[in-house]
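What follows is the residue order along each chain.
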Amino acid sequence: MSKGVLLVNLGSPDSTNPKDVKKYLDQFLMDERVIDVPYLLRAFIVKGIVLNTRPKKSAAAYEKIWWDEGSPLIVLSERLQEKIDSHTGVPIALAMRYGKPSMKSGLQELADKGVDDVLLLPLYPQFAMATTETILVLAEQLQKEFFPQIKLTTVPPFYNHPDYLTVLARSIAETIDDLDFEHLLFSYHGVPERHIKKSDITNSHCKIDGSCCQTPSPAHQFCYRHQCFETTRLVAEMLELPEEKYSVSFQSRLGFDPWLKPYTDRTIEKFGLNGMKKMAIVTPAFVSDCLETLEEIAMEGKEIFEEVGGEEFTVIPCLNDREDWVKTLSRWIDEWANKLETKKENA
């Protein structure tokens, strides 16, 4: 039995050319777990409307944050892969759910090395239909069709794992400990409210009413909203932040259906309008800096805050390839590999 790991992140266009951005958006938005409406309606929305209007705008946004080496998300993910690879003897492959390198190519890379037991590691702390679930579904499809010899084991959402929380809290503390800030905003990627209710395995718990996320339930295993608030609560405890010193918001909404609230852009604006001068913001739904953190938050968010009177807008970087994050992931991988080895010896 040979072991290997597939790290999976969101993905990115190949370049800032509108044609490449259009190709990427087509693959991303046509995913039935991203825009979860019947195929014909999804095709009308995406191919008939969005892909005729959004690629140029998105390409311009990518232009603002693109690095000489390429997409920040891809470059940072590659750096993470390389560092983990140097910390563990287990082969590490990298894939993106959308774009390149594909999940199929990542599995093929491992298969070519003789790997038949793969640890699938979605680089998302919280579970969501449009992130973790779509990776798991595609991985299962690929395994059945192309890699029947491979056994897949998946790392569950780690939003409340003490190791992850310790690294996240430390990364925040490194920025805010010497910072004179009035408020820390935890901004998570938004999802439509209907996604929360669709993920409710009890079919009755999720009301999105301000109390259900604090009421114990089996639904929390797949509730993105609960997991975001829980990450925030646990990190705030570690940092000893008083309740009035932090809050939660959700960014990147699309379309006209209700998404998780409060919205990040409106929250930032409200802070400034209410006289706040110094705020900090962290984005714990992402482990790698990307368009949503580097452009939407660090650029657009800062502009919104300053336009309404804010003065200092501090953005806390994602975990990226920090050494303590690399060591944490490497330890999880080694623990999995050791368990497999022990199980094999005892068989």
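What you are looking at is a predicted structure, and each value in this text was computed from that prediction instead of being measured. Counting restarts for each chain, with residues numbered from 1 along the sequence as it is written. Residue-level local features of this predicted model are given only where pLDDT is at least 70; pairs of side-chain atoms are given and counted only at 80 or more, and the full residue set underlies all totals for whole chains, interfaces and linings. Heavy atoms throughout the structure, all of them, feed into the side-chain values; hydrogens and water do not.

**Student:** Give me the domain arrangement of the chain: which residues, what numbers.
**Tutor:** Segmentation into domains, and thus their bounds, comes from an automatic or database assignment. Examined at the domain level, the chain breaks down into domain 1 (3–157 + 322–338) and domain 2 (162–316). With centres defined by C-alpha atoms, the gap from domain 1 to domain 2 works out at 23 Å. Put simply, buried area is the surface a 1.4 Å probe can reach on two separate parts but cannot reach once they are joined, added for both. Across the interface of domain 1 and domain 2, roughly 2600 Å² is buried in total on both sides, 64% from carbon and sulfur atoms. Between aspartate 163 and arginine 331 there is a salt bridge, with its nearest N and O atoms 3.2 Å apart. Polar contact is the term for a pair of N or O atoms within 3.5 Å; when the atoms are in protein, one must be able to donate a hydrogen and the other to accept it, and sequence-neighboring residues count only if both atoms are side-chain atoms. Linking domain 1 with domain 2 are eleven residue pairs in polar contact (both at pLDDT 80 or more). Each helix corresponds to a stretch of at least 4 residues labelled H or I by DSSP, and each strand to a stretch of at least 2 residues labelled E; elements are numbered beginning at the N terminus. Among the secondary structure elements, those contributing two or more residues to the side of domain 1 that touches domain 2 are α2 (39–65), α3 (72–87), α5 (129–146) and α11 (323–346). Between Lys or Arg on one side and Asp or Glu on the other, a salt bridge is scored when a side-chain nitrogen of the former is within 4 Å of a carboxyl oxygen of the latter.

**Student:** Account for a nonpolar patch on the surface, with residues named and values stated.
**Tutor:** Patch definition: residues with relative accessible area over 30% and no salt bridge; like charges joined within 9 Å; nonpolar side chains (Val, Leu, Ile, Met, Phe, Trp, Tyr) joined within 5 Å. Each accessible area is a Shrake-Rupley estimate made with a 1.4 Å probe; only the visible protein chains count as cover when residues are assessed. Taken together, Leu41, Phe44 and Ile49 make up a surface patch of nonpolar side chains, about 290 Å² in accessible area. The residue isoleucine 49 is located in helix α2 in this model. Note on classification: 1.4 Å probe, protein chains only; a residue is buried when its accessible area is under 20% of the maximum for its type, exposed when over 50%, partly exposed between these limits. For isoleucine 49, a relative accessible area of 43% puts it in the partly exposed group.

**Student:** Can you explain the sheet that holds strand β5 (residues 183–189)? Please cite residues and give values.
**Tutor:** Pairing between strands is defined by DSSP: at least two bridges between the two strands are required. Read from one edge to the other, the open sheet built from four strands follows the order β6-β5-β7-β8, with strand pairing classed as parallel. Here the strands that pair on one side only, and so sit at the sheet edges, are β6 (246–251) and β8 (312–315). Between one strand and the next, the sheet's axes are offset by a mean angle of 25°, whatever the strand orientation. Pairing analysis gives four bridges linking β5 to strand β7 (residues 278–282), with the strands arranged parallel. When the bridges of β7 are listed, leucine 184 appears paired with alanine 280. A fitted line through C-alpha atoms represents every axis, and for helices the fit uses only the stretch in contact; the resulting angles, taken between N-to-C directions, go from 0 to 180 degrees.

**Student:** Run through the environment of proline 122, naming residues and quoting values.
**Tutor:** Mapped onto the elements of the fold, proline 122 is located in strand β3 (residues 117–122). What makes proline 122 buried here is its relative accessible area of 3%.

**Student:** Lay out the UniProt feature "binding site: Fe(2+)" (unreviewed entry) in the chain in plain terms, naming residues and giving numbers.
**Tutor:** UniProt positions are given in the numbering used here, feature names are shortened, and annotations may be inferred rather than shown by experiment. As recorded in UniProt, the sites labelled "binding site: Fe(2+)" (unreviewed entry) are His189 and Glu292. The greatest C-alpha distance among the residues just named is 8.2 Å, despite their covering 104 residues of sequence, which places them together in space. On the secondary structure map, histidine 189 appears in strand β5. The class for histidine 189 is partly exposed, based on a relative accessible area of 22%. Working rule for contacts: check all heavy atoms of both residues, and any pair within 4.5 Å makes them a contact. Here histidine 189 is in contact with Tyr224, Phe250, Gln251, Ser252, Ala285, Phe286 and Glu292, once residues within four sequence places are set aside. Residue placement: glutamate 292 occurs in helix α10 (residues 291–307). Overall, glutamate 292 belongs to the buried group, its relative accessible area being 17%. With sequence-adjacent residues up to four places away left out, glutamate 292 is seen in contact with His189, Gln251, Ser252, Phe286 and Ile297.

**Student:** Go over the nonpolar core with me, naming the residues and quoting the values.
**Tutor:** Formed by 102 residues in total, the largest nonpolar core has its most connected members in Ile172, Leu184, Tyr224 and Trp325. Residue assignment places this core across two domains, with domain 1 (3–157 + 322–338) and domain 2 (162–316) each supplying three or more. Every residue in contact with tryptophan 325, bar those within four places of it in the chain, is listed here: Leu80, Phe158, Tyr164, Val167, Val287, Leu319, Asn320 and Trp332. Counting nine residues, the second-largest nonpolar core is a separate cluster that includes Leu185, Phe271, Met279 and Phe305. Residues belong to a common nonpolar core when they are buried Ala, Val, Leu, Ile, Met, Phe, Trp, Tyr or Cys residues joined through side-chain atoms within 4.5 Å.

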